[in-house]
Amino acid sequence: MNITDPDACASLLAEVRACTLCRDELPLGPNPVLQLHPVARILIVGQAPGRKVHRSGLPFDDASGQRLRAWLGISREVFYDAERIAILPMGFCYPGTGTSGDLPPRPECAPAWRTQLLGHLPNLQTTLVIGQYAQRHEYGAGAASLTDLVRNWRKDWPRLVPLPHPSPRNNLWLRRNPWFEADVLPSLRTLVARLV
């Protein structure tokens, strides 16, 4: 079976979307939210869906998604075109709410599905690594802080692009780090425009 075959990819996606591995740990039950097609050239790796995304079934269908699309300089239509952009968070289901925001992605998800799904993305040109959970996975547990990773965005450019989470909860970080909008976003928009 050719893993770049859209039918094989669709079959795997159906299997992932039917996953109940963490059912007993999820406050709203399983509802895996992801987007994938073998010809996608951009991969977005985030943490896990929030409550609103759990309800809609669309990745980044919230205020974070509005900001992320603005950062990328693309429309909603382009963002949700799986042939252009794949979206694989570290956890596919809403993990619940903790004391200071959503809980971390469930630890069972990435080991169960990530390698198989990434095998269906042979055309990737760049991976946008959003937030601390995705960055810890991509760069290792001993990686620099989120701010240092993002500040050194050119290090693995364009293969890996570390980004802060676009959540409104990060408004303070964005105000404290104006270089992000001034330096990183223009290059990111140019890269994305070339790949979509």
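Before any of the text, the structure's been laid out above.
Residues numbered from 1 in each chain as written. Predicted model: local features only at pLDDT ≥ 70, side-chain atom pairs only at ≥ 80, totals over all residues. Heavy atoms only, no water.

1. Quick look at helix H5 (residues 109-118)
Residues three or four positions apart in an α-helix share a direction because the helix packs 3.6 residues into each turn. What counts is decided by this rule: Summary of the burial criterion: residues with accessible area below 20% of their type's maximum are buried, those above 50% are exposed, and those between are partly exposed, where the area comes from a 1.4 Å probe applied to protein chains only. By the criteria applied, helices consist of DSSP H or I runs no shorter than four residues and strands consist of E runs no shorter than two, each listed in order from the N terminus. This arc corresponds to the set of directions leading from the helix axis out to the C-beta atoms. Any two residues whose heavy atoms approach within 4.5 Å at even a single point are treated as in contact.
For H5, every residue scored as buried is listed here: Cys109, Ala110, Trp113, Arg114 and Leu117. Burial along H5 is one-sided: seen end-on, the buried residues are contained in an arc of 115°. Among the exposed residues of H5, those pointing more than 90 degrees away from its buried face are Pro111 and Thr115. On the buried face of H5, the contacting elements are helix H1 (6-17), strand S1 (42-45) and helix H6 (131-139).

2. Looking at the packing of helix H3 (residues 63-72) against helix H9 (residues 179-195)
This is how it is decided: Lines fitted to the C-alpha atoms define the axes, with helices restricted to the stretch that makes contact. Angles between their N-to-C directions range from 0 to 180 degrees. Working rule for angles: under 35 degrees goes down as roughly parallel, over 145 as roughly antiparallel, 65 to 115 as roughly perpendicular, anything else as oblique. Under the scheme applied here, ten amino acids are nonpolar (Ala, Val, Leu, Ile, Met, Phe, Trp, Tyr, Cys and Pro), four are charged (Asp, Glu, Lys and Arg), and all others, including Gly, are polar.
Put simply, H3 and H9 touch, their axes get as near as 7 Å, and they point 75° apart. Taken together, the axes of H3 and H9 lie roughly perpendicular to each other. Of H9, the residues touching H3 (which contributes Ala70, Trp71 and Leu72) are Phe180, Leu185, Leu188, Arg189 and Val192. Class assignment for the residues of the contact of H3 with H9 results in 7 nonpolar, no polar and 1 charged.

3. As for the environment of Ala110
Its location among the elements puts Ala110 in helix H5. Ala110 gets classed as buried once you look at its relative accessible area, which sits at 15%. Separated by 54 residues in the primary sequence, Ala110 and Ser56 place their C-alpha atoms 22 Å from one another.

4. A closer look at the sheet that holds strand S5 (residues 126-130)
The cut-off we apply is this: What makes two strands pair is DSSP finding at least two bridges between them.
Reading across the sheet, the 4 strands line up as S2-S1-S5-S6 and stay open at both edges, with parallel pairing between neighbours. Looking at strand neighbours, the two that pair on one side only are strand S2 (85-87) and strand S6 (160-163), the edges of this open sheet. Averaged over all pairs of adjacent strands, the angle between their axes in this sheet comes to 20°, without regard to strand direction. Note that S5 and S6 share 4 bridges and pair parallel. In the strand pairing of S6, Leu128 is matched with Val161. Lying over the sheet, H6 contacts S1, S5 and S6, oriented at roughly 130° with respect to S5.

5. Comments concerning H9
Put simply, the rule reads: A helix is expected to span 1.5 Å for every residue after the first. Bend at a given residue is defined as the angle between two axes, one fitted to the seven residues that end at that position and one fitted to the seven that begin there.
The end-to-end C-alpha distance of H9 is 24 Å, a good match for the 24 Å that 17 residues give at a rise of 1.5 Å each. Of all the bends in H9, the largest measures some 35° and sits at Leu185, one to four residues before the proline Pro186. Within H9, the full set of buried residues consists of Trp179, Phe180, Val184, Leu185, Leu188, Leu191, Val192 and Leu195. The elements touched by buried residues of H9 are S1, H3, S5, helix H7 (146-151), S6 and helix H8 (171-176).

6. Details of the packing of aromatic side chains
Put simply, the test is: The criterion for an aromatic pair is that two Phe, Tyr or Trp rings (for Trp, the six-membered ring) have centres within 6.5 Å, with stacked assigned to planes under 30 degrees apart, edge-to-face to planes over 60 apart and tilted to the rest. When the NZ atom of lysine or the CZ atom of arginine is within 6 Å of a ring's centre and also within 35 degrees of its normal, the charge is said to sit over that ring.
According to the stated counting rule, one finds 6 aromatic pairs in the structure shown. Centroid distance Trp71 to Phe180: 4.9 Å. Interplanar angle 70°. Geometry classified as edge-to-face. With a gap of 109 residues between them, Trp71 in helix H3 and Phe180 in helix H9 connect regions that are remote in the sequence. For Trp71, a relative accessible area of 4% translates into the label buried. Overall, Phe180 belongs to the buried group, its relative accessible area being 0%. For the pair Trp173 and Trp179, a centre-to-centre distance of 5.8 Å together with 75° between the ring planes defines the contact as edge-to-face. Judged by relative accessible area, Trp173 falls into the buried class, the value being 14%. Ring pairing ties together the aromatic residues Trp71, Trp173, Trp179 and Phe180, which thus form one cluster. In this structure, Arg69 packs its charged tip against the face of Phe79, placed 5.1 Å from the ring centre.

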